[in-house]
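Examining the three-dimensional arrangement
In case you want the letters, here they are:
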Amino acid sequence: MTDPKDAASPRSRDSSWHSMAVDEAAASLKTSRQGLSRNEVARRLDEYGPNQLEEEPQQTVAALILHQFRSPLIYILVIAAIVTLALEEYIDVAVITAVLVLNAVIGFTQERKAETSVRSLIRMSAPHARVIRDGSEHDIESRELVPGDLVLIESGSRVPADLRLTSTTALQIDESAFTGESDAVQKQADPIGDSAVLADRTNMAFAGTAVASGRGRGYVVSTGERTQIGGIASQVRSEVRLSTPLQQKMARFASAIGVAVGASALLAFAIGIVRGESGSDMFMVAVTLAVAAIPEGLPVVSTITLAVGVRRMANRNAIIRRLPAVETLGSTTCIGSDKTGTLTENRMTVTSIWSGGQVFDVSSESKDGITPEDPNYLTLLAGVLSNEAAVAQTDHGWETQGDPTEAALLIAATHLGMEPEEIRDAYHIVAEIPFEPDRQFAASYRENEGKRQVYVKGAPERLVQMSSSMLQNGREVPLDENSVHTAADDLASQGLRVLAMAYREIPADHDLFEGTDEPHGLVLVGMQGMMDPPREGVRDAITACNDAGIRVVMVTGDHAATARSIGHDLGISDSSSKVLTGADLANMEEADLRSAVHDVAIYARVAPDQKLRVVRALQSEGDVVAVTGDGVNDAPALKAADIGVAMGRSGTDVAREAADMVLSDDNFVSIVAAVEEGRITFDNVRKASFFLIGTGAATVLTIIAALVAGWPIPFLPAQMLWLNLVTNGLQDVALAFEPGDEGILQRRPRPRREGVISRLLWERTVIVALVLAAGTLALFKWELDRSGSLALAQTVALTTMVVFQAFQAGNARSETRSLFRMSPFSNRLLIGSTVVALAVHVGALYWGPTQTILRVEPIDAGSWVRIVLVASTILAASELHKFLRRRYPIESLELKTTATESAPGTGWC
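Right, let's walk through the structure included here. Remember, predicted model here, so these are calculated numbers, not experimental data. (Residues numbered from 1 in each chain as written. Predicted model: local features only at pLDDT ≥ 70, side-chain atom pairs only at ≥ 80, totals over all residues. Heavy atoms only, no water.)

**Quick notes on the pairing of strand 9 (residues 334-337)**
Residues Cys 334 and Gly 336 of strand 9 are buried on one face, and the alternating residues Ile 335 and Ser 337, pointing to the opposite face, are buried as well. Direction of pairing for strand 9 relative to strand 21 (residues 551-555): parallel, over a ladder of four bridges. The residue of strand 21 that forms the bridge with Ser 337 is Met 554. Of the strand pairs in this sheet, strand 9 and strand 24 (residues 625-629) are connected by four bridges, and their pairing is parallel. Directly across from Ile 335, in strand 24, lies its bridge partner Ala 626. (Buried < 20%, exposed > 50% of the residue type's maximum accessible area, 1.4 Å probe, protein only. Helix = DSSP H or I, 4+ residues; strand = E, 2+ residues; numbered from the N terminus. Pairing = 2+ DSSP bridges.)

Written out as structure tokens, the structure is:
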């Protein structure tokens, strides 16, 4: 006999309670139909603890602040601040410190705003439960439940713990948020096979699921962390969140900058020593070069660019919870989507009616009002009268109560012009037979205008047995069983759930309460086929994903036939595509799964841990994986994915808490908009990085070239910080607001290995550095020879760099498009920031305090003319490079042009 403690042990989640008979389960739990005694409850509560989930601590303010400093580029700035402090360059220290504080404030504000205080998993627990103890019924807080308690559940309640059901009456439980299956599950109490997967354990009720209809009772077998939902909660907490592609790229980029800065400083120091300069002087030169090379503004502009992306995505119904996630969708190569509530509406809908030998498309039928002469009328009438659900149409859609399948029948009748409530009032109830799994039908005896009828709905094969005739062309004819079965199979092959409807007139002298267990001699009037329909616009969104080089795969807990049908309708796969089920995955080795994920687009009857396996297999093959979902079952995969995307309206708190991004409109279509914004965001980070790196490379090259030539150093450390933070710092922030290039969704996803700066931009960086360095050195030497004033020559060199950057900001707006083919007014902020940067610099040249701080002098009109003419050469150099690369593009930047690259089931996943 199993120790009752096993009911609350970690391994109880995998125990075979479903395969035990009710009495056997009771014996294992040491309980009975009278429930536990109060003393035993107290003992077990002390032993197992309360029936609640562990609350994950919320991030503290200090932890969020420290998180803003976890970047290699930030580490470099901190080191630079320490060095300049040791050299007593307090102005430089103040400027670098201001950069660090500004970056931390922006990042902290955004992440604190996104940090939710919702304790998601606790919300999933029912606050109260009805329980039998000492033979009587009690209402208690669900946290007081213990293994062995006998719990009562009914329509509208939430299951408070994992239960082994002991008895049911028309009990149906909505497990869609847990298993991913759209239909409410019919429950029963008999034992089932030990190998049954979670979704097929029909004699179990799981904590956090909702009772759709009926009632039942069952023994508590697991509480708190030992429930199925508790297992998912533990898995979510233990899952390590991977760094995003942008974080990985920025880390590599910052490391490369650090190496380059160190190498450049050592090279400059060595050159000076070889030329006979003093060690102290050359140390200051090395510091100047390091300050010039470090793009101090890059952390700030990257954070601002991501924050701008957050705002843009919010305007398009995508709420970002973590800043780096803005860009991740732009790198995505594969989207693993849940079906129910994500690709579909999570609402059963009648799509087809078979009546009189013909199939009718419900969406195309008239809504003006159906008459009794219509061939569909009796089919719809039977669906309305043999029905216990209720529906009401509101401004936000349909509100339903009761079984989703019965609600779909009412909505279909309403859609075709019938008034279900008026009909029910006109047809008075005389007797009813509720649906039971063994019966496979439900019947309602009605009286209308002195006449009595029985209306029946149920499984087609069952109603065929109960019927002797059928309607055809408005006439009653002998039942043709083959035609009915063929029609039912045709509807089912389309992924529809099929219900048959029948009725019979009852003679006035017939006693309705005799023989009502099974009506017979019925007239089969028709069948209704229903499904959870795809969301509007999803097919187009999936096509857009394919065009963007992103493959969409469906990972669902629903049945294979349903998943295949929906997948085919949406263009995820074709009708012959292979579907992998949870049973298939259970028998696959990891190597086999990694090989299979390239070709499989549909995964059905998948358990939460199997969905996680699929995500990891895709990632192991080099894909950047986004996972969408709305249920508890999706949470582990949402957290493990490169980016988790949860549904905001229908999604569970568990899913939202685990996700990086939440869709406020629950619309898969919004993902396409988010992908576009993600790509724009990364492009803008790239543009700003290129803009800053070009300046840094040019100044380093200028300083080293001056050392090699034996000239004085063209810049001072404070002047470099001025250039990097005040003048460049305005324009690089403005680049964060670029609207994006045309056709951005027609590009392949960026390779994971591609860095922040692309190969094309590295080429252009070299060109920019050479042009800027050559022009700056030429004017520096010209002014030094002409005036003999080093301070004036350094002022000219600094001003030349400032004006160069005014032109270079325009070049940085696009990797490939000519500046002269872009509207200057599409980014008015860039125009304004460039004007302000120039104005601020000019003011600094002629204002006493800034002259002292920066050690600059006013320059004459002739110098200004030379500076503008030389600086404008960067336009010609960049435009020539863009022209050549448009004619001879780098392979990784080519657009997809062939149809095969965008066909369903292909792509880069």
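**Quick look at the pattern of salt bridges**
Applying the stated rule across the entire model yields 24 salt bridges. Salt-bridge contacts for Asp 149 lead to Arg 133; the nearest nitrogen and oxygen are separated by 2.7 Å. Note that Asp 149 is positioned in the loop between strand 2 (136-141) and strand 3 (150-154) and Arg 133 in strand 1 (residues 128-133), a separation of 16 residues in sequence. Overall, Asp 149 belongs to the buried group, its relative accessible area being 0%. The partner of Arg 866 in a salt bridge is Glu 783, and the shortest N-O contact between them spans 3.8 Å. In this pair, Arg 866 is assigned in helix 32 (residues 861-871) and Glu 783 in helix 28 (residues 759-787), connecting sequence segments 83 residues apart. When its relative accessible area of 25% is taken as the criterion, Arg 866 is described as partly exposed. Among the residues examined, Glu 783 registers a relative accessible area of 1% and is labelled buried. Through salt bridges with shared partners, a single network forms among Glu 40, Arg 43, Arg 44 and Glu 47. (Salt bridge = Lys/Arg side-chain N within 4 Å of Asp/Glu carboxyl O.)

**Quick word on the packing of aromatic side chains**
Scanning the entire structure with this criterion turns up two aromatic pairs. Geometrically, the ring pair formed by Tyr 427 and Tyr 455 is edge-to-face, given 6.2 Å between the ring centres and 85° between the ring planes. Taken as a pair, Tyr 427 in the loop between helix 16 (420-426) and strand 14 (428-433) and Tyr 455 in strand 16 (residues 451-458) lie far apart in primary sequence, 28 residues in all. Relative to Tyr 503, the ring of Tyr 455 lies with its centre 5.9 Å away and its plane at 20°, an arrangement referred to as stacked. (Phe/Tyr/Trp six-rings, centres within 6.5 Å; stacked < 30°, edge-to-face > 60°.)

**Remarks on the environment of Arg 564**
Following the sequence through the fold, Arg 564 ends up in helix 20 (residues 560-570). The partly exposed category is assigned to Arg 564, whose relative accessible area is 30%. Look past the residues within four positions of Arg 564 in its chain and what remains in contact with it is Ser 575, Ser 577, Val 579 and Ile 602. (Contact = heavy atoms within 4.5 Å.)

**Here we look at the nonpolar core**
Counting residues in hydrophobic clusters, the biggest one holds 100 residues, and the most contacted among them are Ile 572, Tyr 603, Met 661 and Phe 668. With five residues, the top contributor of residues to this core is helix 26 (residues 669-709). Leaving out residues up to four positions away in the same chain, Tyr 603 has contacts with Val 553, Met 554, Val 555, Thr 556, Leu 580, Leu 585, Val 597 and Val 614. One finds Leu 298, Leu 723, Leu 784 and Ala 844 within the second-largest nonpolar core, a separate group that totals 68 residues. (Core = buried A, V, L, I, M, F, W, Y, C linked by side-chain atoms within 4.5 Å.)

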